[in-house]
Each structure stands twice: as structure tokens, then as C-alpha cells.
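What the coordinates show
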Amino acid sequence: MSAIKPQVVVYLTYFCSYCTRAKRLLKKKGVDFEGILVDNNQSLRKEMERLSGRTSVPQIFIGEHHIGGYDDMAALDRKGLLDQLLGLD
């Protein structure tokens, strides 16, 4: 019986190398995620800022937890903690 995997949400823009890296890492791990484009949508950008407290992209949420941007997610992966948060262990 597999564990329930948390929903992953990534606020991002089209032309953002860190957004591309975040998507690549999640895809490499086989994780489905909802990508919310904030390029031309002020209400979605404001929602992202309200939820994360940050203005930069990407902003990544795993379940109810805001984990930060790509660098934060990569650091969790290097420490061996990301798979656990994603329900992959």
C-alpha cells in the first residue's frame, strides 16, 4: 500500500531559470505538481506573495508547507530530506 503523496504547487514564470530547475528536479523524482504561472496575473502573484512572504519565483509548496524557492528545495534534496517531504521514502 503506497503512502498518500502531498500536493505540490509551484508558483513560477515562463522565463525563469530557477523555475526550470525546480520543474526538472520534481520531474526527475517522478513528482506531479501544479504549476501556477504568475507572469501576467497580478492576483496570482499577490496570492503567491501572501502565502510565501516572498516576491521571487519559484515559490514551492509541498502540502501545507512552504519550502521556499529552488535553492531551498535543492538544499533539502542534498540533505536527503526532500524525498520524505514528497512522500517518496
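The structure reproduced in this document is the subject of the present report. None of the values given here were measured: they were computed from a predicted structure.

Definitions and limits used
Residues numbered from 1 in each chain as written. Predicted model: local features only at pLDDT ≥ 70, side-chain atom pairs only at ≥ 80, totals over all residues. Heavy atoms only, no water. Core = buried A, V, L, I, M, F, W, Y, C linked by side-chain atoms within 4.5 Å. Buried < 20%, exposed > 50% of the residue type's maximum accessible area, 1.4 Å probe, protein only. Helix = DSSP H or I, 4+ residues; strand = E, 2+ residues; numbered from the N terminus. Contact = heavy atoms within 4.5 Å. Salt bridge = Lys/Arg side-chain N within 4 Å of Asp/Glu carboxyl O. Arc of directions from axis to C-beta. Pairing = 2+ DSSP bridges. Axes fitted to C-alpha atoms, helices over the stretch in contact; angles between N-to-C directions.

Let us now look at the nonpolar core. A general feature of soluble globular proteins is that nonpolar side chains tend to end up buried together. Counting residues in each nonpolar core, the largest one holds 25 residues, and the members touching the most others are Val-8, Tyr-11, Leu-26, Met-73, Leu-82 and Leu-86. Among the secondary structure elements, those contributing two or more residues to this core are β1 (8–12), α1 (17–28), β3 (59–62), α3 (70–78) and α4 (82–86). For this core, the element with the most residues is β1, which contributes 5 residues. Residue contacts for Leu-26: discarding those within four places in its chain leaves Val-8, Val-10, Val-31, Phe-33, Met-73 and Leu-86.

Next up on the list: the pattern of salt bridges. Note on pairing: side chains with opposite charge can pair once their charged atoms come close. One pass over the structure, following the stated rule, counts 3 salt bridges. Salt-bridge contacts for Asp-83 lead to Lys-29; the nearest nitrogen and oxygen are separated by 2.7 Å. Within this pair, whereas Asp-83 is found in helix α4, its partner Lys-29 is found in the loop between α1 and β2 (34–37), the two being separated by 54 residues in sequence. In this structure Asp-83 comes out as partly exposed when scored by relative accessible area, which is 29%. Each of Lys-29, Asp-77 and Asp-83 takes part in one network of salt bridges that share partners.

To continue, consider α3. Along α3, the residues that are buried comprise Tyr-70, Met-73, Ala-74 and Leu-76. End-on, the buried residues of α3 take up no more than an arc of 155 degrees, which puts them together on one face. Structurally, α3 contributes buried residues whose contacts are with α1, β3, β4 (65–68) and α4. Taken from the residues just after α3, Gly-80 is the one with a positive phi, measuring 80 degrees.

A separate point is the sheet that holds β3. The pairing of strands in a sheet happens through backbone hydrogen bonds and is either parallel or antiparallel. Taking strand neighbours across the sheet as the criterion, the 4 strands line up as β2-β1-β3-β4 in an open arrangement whose pairing is mixed. A single partner strand is all that each edge strand has here, and the edge strands are β2 and β4. Shown here is a sheet whose adjacent strand axes are inclined to one another by a mean of 25 degrees, direction ignored. Across 4 bridges, the pairing between β1 and β2 is parallel. Its bridge partner lying in β2, Val-9 is registered against Glu-34.

By themselves, these observations are geometric and do not establish any function.
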